[in-house]
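# A closer look at the structure
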Amino acid sequence: MIVYGLSTEQRTEPLGIDEKHPRLSWKLRSERHGAAQSAYRITAFAGDETIWDTGRRESADTILIAWQGPTLRPATRYRWTVEIWDEQGTHAAADTWFETGLLDATPWTAAWIGRNPLTLPPIDPPTDDDLNNPSPAEAPIHLRRAFHLTAAPVRARLYATARGVYQAQLNGERVGDHELAPGWTEYHQRIQYQTYDVTEHLRRGDNKIEATVADGWWSGYIGFDPRRPARHYGDAPGFLAQLVLDFADGSRQVIATDSDWTEHDGPIRSADLMMGQFTDGSRELSAPRPVAVADTEPGPLVAEPDDPIRVTVELPAITITNGIADFGQNLVGRVRLTIRNARPGQRITLRHAEVLDDGRLYTANLRRAAATDTYLCKGVDHEVFEPALTFHGFRYAEITGYKPDPGDVIACVLHSDTPWAGRFESSDPAVNQLHANIGWGQRGNFVAVPTDCPQRDERLGWLADAQVFAPTATRNADVSAFFARWMRDVVGGQNADGAFRDVAPIIALDREGAPAWGDAGVIIPWLLWRAYGDRRVLERSFDAMAAWVEHIHRHNPGLVWEHRTGNSYGDWLQIDADTPRDVLATAYFAFSTAIVAQAAQVLGKPADGFHDLHQRIRQAFQDAYVADDGSVKGATQTAYLLALAFNLLPDGAEGLAVGHLAADIERRGNRLTTGFVGVSLLCPVLTEHGRADLAYALLHQDEFPSWLYSIRNGATTIWERWDGWTEEHGFQSAAMNSFNHYSLGSVGDWLYGRVAGIDQTPGSVAYSELLLRPTPDPTGRLTWARAEQETARGLVACGWSIEDDRLTVTATVPPGSTAILLIPTSAPGSVHAAGTPGVLRAEPTSAGLTLRLTSGRYTFTTPA
């Protein structure tokens, strides 16, 4: 047995956490059938001192075991070891560490500092050459503090944050690898600070600490507000930091932001997340000016609870044609340009776009976002321009003012660094490209918050987009800490009447959430419980979840959700269909109520009232919308999908409804009509109700509208609209036409769950009991498919292949999990399961053979 994947608060070796009772987890791996943990022991240390020892506990638990040791001290590193014993008594062990942040027991001595507008030099009127140059008053602030040390510290930590986005340096070297720190939260309620180990950056003698701070989400362009800046949080950026130095003699020195810092004009003359960055490479730091010191309290400050935004991939330009670099992939990040032998003051401009229109950048869909970076050359043999305080969504970058070699143009891909956990592949390159497009859409839109698009003047945390895609997101990556942190903003945005909002953080759209949008506040905490076993996020969200259901009920006593529906977007961007909005709303009312009832049971809270309410809503749905022939009001694909997926139909009506759904799809030549809400349900519902043939037909469809239509036309990410571009009409309206928008990629959950077959039983938590249901392609287009998923308990894998009229099914079950494997075969007796190690039971069924498995790797073969 191998112990691996140790984590604290769902992160690997986190530096600076504020949880007073952090939760510890580990994973197991073994090649042996039936391997399982029988006992564990956790031992924790502060330095060489043992501070917590659980002793041997006879338990199979491996997930989110809460700290029960002594009260954690601030700014302290703790090491912990887990020992496990398997079912044979064999021992294994592994260790890791975490470090606390300042906690709320340590007061910040730092003060917020920023630009003092009274000290700015006079601004000369712009010349004709400078009309496109930014005003000094809008430039990022460059802050500096020099200090002298009589000895090098043995331990040094920088605790830093900003109102805006920042990068820090010590002695000319960048601190950390965080991008766009501190990220975006509901700043009125919470600003995250980062912790950096800077011991190696400091030396005896003279030292200097610097920071550059731009508007970011604090005071820059956000959303589609036309004002500049939108000023949603504050008027100007600021910086807060304290450098804590510990020396060999036991002494401590703290260097905090205060009036001893100075402000300077720096090379970066403007930087905005949407507009871009303007850098003058020839500009040196100006003479120092006094900073403005705020007299406000430094809070509300919390330690960053999830992995930061980082650059994770670098892609060189594939070609440069007529000055346009093509990176071969629609992505999110920035360009790093190496410049050779430019003349002083030479202006180089980079403009970004996702697609081309007749060989030119198509930028109309960016709306007000300029997405333009400018560099004035210093004029040396070799210089590098890489704008660090902005980001863009692009595949193409037009470079004017300089002709580089392709190897000197690098796209730096950045996103919230959620650890990648999933892999899917099949015999069809087009389906593999679809899965890749889904993954790239997730990377590009998980930047601090789950956004709707990364390129235009919007980039908001839309709740419906997030909840329909979240199951797919959990397959691709470990998004446990990412979503748990974002849920604080969702819950924090709830109004006094119990309504969640359409977006979180709340920017530009301060209104009650619409059906399927506000419901994310219920759906995502439940998903985090099911996928990761995160009870804490369910506990912290439950009151808000219940309040949302009570809000809907209070304003809709007839149990059909018609009132207080917010903007009521319906099945957003459905195509050639119009799902009635009250049908969708009432279906989600029932769905959220059912989830709250289940969550109440899990948490030991009163659940009967919610169970009863759910049954009454279900009956109201049937009375209002379901006819005797099984048809549902509106008769759209999404109307049937909602009724079937949320179990809203009366007994005996499911088969009729499936028939109506299938008939609509077939009548359209195996084409879909679903929008954001319905699309996630389409293939799962068809497969669950015996129409996998139609689900696969939709998967393989490459005529408009379909997933593969965009791929046939060069897409490398999921488009916002089915008709973002068509051969018949060209581009859709530039008012809303993103080419990187993950919502329609929610089919990814089905690729993992039913095509390859990785799922869990309804009562399972964190994949404790797997439901492996590989579904060979009835159309014959796919001849094999397989997937792997690094779950909270360990690696799960499942797949199938057909060759020479034989079906082969493979599965991997991690220690600590069991599995039900369904092998679709008409000859269950041909599967040699009896006596196979790890097979607990084999039962022939009308659909094939059902096997109950313990942990291990398996291969079974049967006639196809």
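Just so you know, these numbers come straight off a predicted model, no measurement behind them.

## Considering the packing of aromatic side chains
Enumeration according to the criterion identifies 40 aromatic pairs in this entry. Residues Trp 26 and Trp 80 carry aromatic rings whose centres are separated by 6.5 Å and whose planes lie at 55° to one another, so their mutual orientation is tilted. You can see Trp 26 sitting in strand E3 (residues 23–29) and its partner Trp 80 sitting in strand E7 (residues 77–86), a full 54 residues away along the chain. You'll find Trp 26 and Trp 80 in the same group, each marked buried. Each member of the aromatic cluster is reached from another via a ring pair, and the members are Phe 446, Phe 469, Phe 482, Phe 483, Trp 486 and Tyr 742. Between the NZ or CZ atom of Arg 79 and the centre of the ring of Phe 45, over which it lies, the distance is 4.3 Å. Taking NZ or CZ as reference, Arg 443 lies 4.2 Å from the ring centre of Trp 420, over its face.

## Details of the side chain of Arg 773
Looking at the secondary structure, you find Arg 773 in the loop between strand E39 (769–772) and strand E40 (784–790). Overall, the relative accessible area of 14% leaves Arg 773 in the buried class. Arg 773 has contacts with Glu 688, Gly 753, Arg 754, Gly 757, Asp 759 and Leu 822, leaving out every residue within four places of it along the chain.

## What to know about the sheet that holds strand E42 (residues 806–813)
With antiparallel pairing, the five strands of this open sheet are ordered in space as E34-E40-E41-E42-E46. Looking at the sheet topology across the chains shown, the edges are occupied by strand E34 (422–426) and strand E46 (856–863). With strand direction ignored, the average angle separating the axes of adjacent strands in the sheet is 5°. As defined by bridge partners, strand E41 (residues 795–803) adjoins E42 across seven bridges and the pair is classed as antiparallel.

## Overview of helix H7 (residues 581–603)
In a regular helix each residue adds 1.5 Å, so 23 residues correspond to 33 Å; H7 covers 33 Å between its end C-alpha atoms and thus fits that length. Two residues or fewer past H7, Gly 604 is found with a positive phi of approximately 75°.

## Here's the deal with the sheet that holds strand E6 (residues 65–66)
Within the open sheet, the three strands sit side by side as E1-E3-E6. Their pairing is antiparallel. For this open sheet the edge positions go to strand E1 (2–8) and E6, each flanked by a neighbour on one side alone. Relative to E6, E3 is paired through two bridges, and the arrangement is antiparallel. Note on E6: the bridge partner recorded for Arg 23 is Ala 66.

## Points about the packing of helix H11 (residues 676–688) against helix H12 (residues 692–700)
At a minimum axis separation of 7 Å, H11 and H12 run at an interaxial angle of 150°. With respect to their mutual orientation, H11 and H12 come out roughly antiparallel. Here H11 contributes Leu 682, Cys 683, Leu 686 and Thr 687 to the contact with H12, which in turn contributes Ala 692, Leu 694, Ala 695 and Leu 698. Its residues assigned to classes, the contact of H11 with H12 comprises seven nonpolar, one polar and no charged.

## Let's talk about helix H6 (residues 535–555)
Taking 1.5 Å per residue, 21 residues should reach 30 Å; H6 reaches 30 Å between its end C-alpha atoms and fits that length. Maximum bend of H6: about 50°, positioned at Ser 541. Two or three places before Arg 536, at the opening of H6, Asp 534 has a side-chain oxygen 3.2 Å from that residue's backbone nitrogen.

## Some thoughts on the state of the cysteines
For the structure on display, the rule yields zero disulfides. Here Cys 798 is not cross-linked by a disulfide; its sulfur's nearest cysteine counterpart is in Cys 683, at 18 Å. When its relative accessible area of 2% is taken as the criterion, Cys 798 is described as buried.

## Quick word on the pattern of salt bridges
In a structure, side chains of opposite charge can pair up when their charged atoms sit close to one another. Under the defined criterion, the tally for this structure stands at 70 salt bridges. Note that Arg 310 and Asp 417 form a salt bridge whose closest N and O atoms lie 3.0 Å from each other. Taken together, the residues span a long stretch of sequence, with Arg 310 in strand E24 (residues 309–316) and Asp 417 in the loop between strand E33 (409–416) and E34 at a distance of 107 residues. For Arg 368, the salt bridge identified is with Asp 457, shortest N-O distance 3.5 Å. Of the two residues, Arg 368 is situated in the loop between strand E29 (360–362) and strand E30 (372–376) and Asp 457 in the loop between strand E36 (449–450) and helix H3 (463–476); the sequence distance between them amounts to 89 residues. Looking at Arg 368, the relative accessible area reads 45%, which means it is partly exposed. Each member of the salt-bridge network shares a partner with another, and the members are Arg 77, Glu 99, Arg 155, Arg 157, Asp 197, Asp 246 and Arg 252.

## Some points on the environment of Pro 815
Inspection of the secondary structure puts Pro 815 in the loop between E42 and strand E43 (818–824). Here the alpha-carbon distance between Pro 815 and Gly 856, two residues 41 residues apart in the chain, equals 7.4 Å. Filtering out sequence-adjacent residues up to four positions away, Pro 815 remains in contact with Met 1, Leu 28, Arg 29, Ser 30, Ala 35, Ala 36, Arg 793 and Ser 855.

## Observations regarding the environment of Thr 565
Tracing the chain through its elements places Thr 565 in the loop between H6 and H7. In the structure, Thr 565 is positioned 157 residues away from Trp 722 in sequence and 26 Å away in space, judged by C-alpha atoms. Apart from residues no more than four positions distant in its own chain, Thr 565 is found in contact with Gly 513, Ala 514 and Pro 515.

Analysis parameters
Residues numbered from 1 in each chain as written. Predicted model: local features only at pLDDT ≥ 70, side-chain atom pairs only at ≥ 80, totals over all residues. Heavy atoms only, no water. Phe/Tyr/Trp six-rings, centres within 6.5 Å; stacked < 30°, edge-to-face > 60°. Helix = DSSP H or I, 4+ residues; strand = E, 2+ residues; numbered from the N terminus. Buried < 20%, exposed > 50% of the residue type's maximum accessible area, 1.4 Å probe, protein only. Lys NZ or Arg CZ within 6 Å of the ring centre and 35° of its normal. Contact = heavy atoms within 4.5 Å. Pairing = 2+ DSSP bridges. Axes fitted to C-alpha atoms, helices over the stretch in contact; angles between N-to-C directions. Expected span 1.5 Å × (residues − 1). Parallel < 35°, antiparallel > 145°, perpendicular 65-115°, else oblique. Nonpolar A, V, L, I, M, F, W, Y, C, P; charged D, E, K, R; others polar. Bend = angle between axes of the 7 residues up to and from the residue. Polar contact = N/O pair within 3.5 Å; in protein donor to acceptor, adjacent residues only side chain to side chain. Disulfide = S-S within 2.5 Å. Salt bridge = Lys/Arg side-chain N within 4 Å of Asp/Glu carboxyl O.

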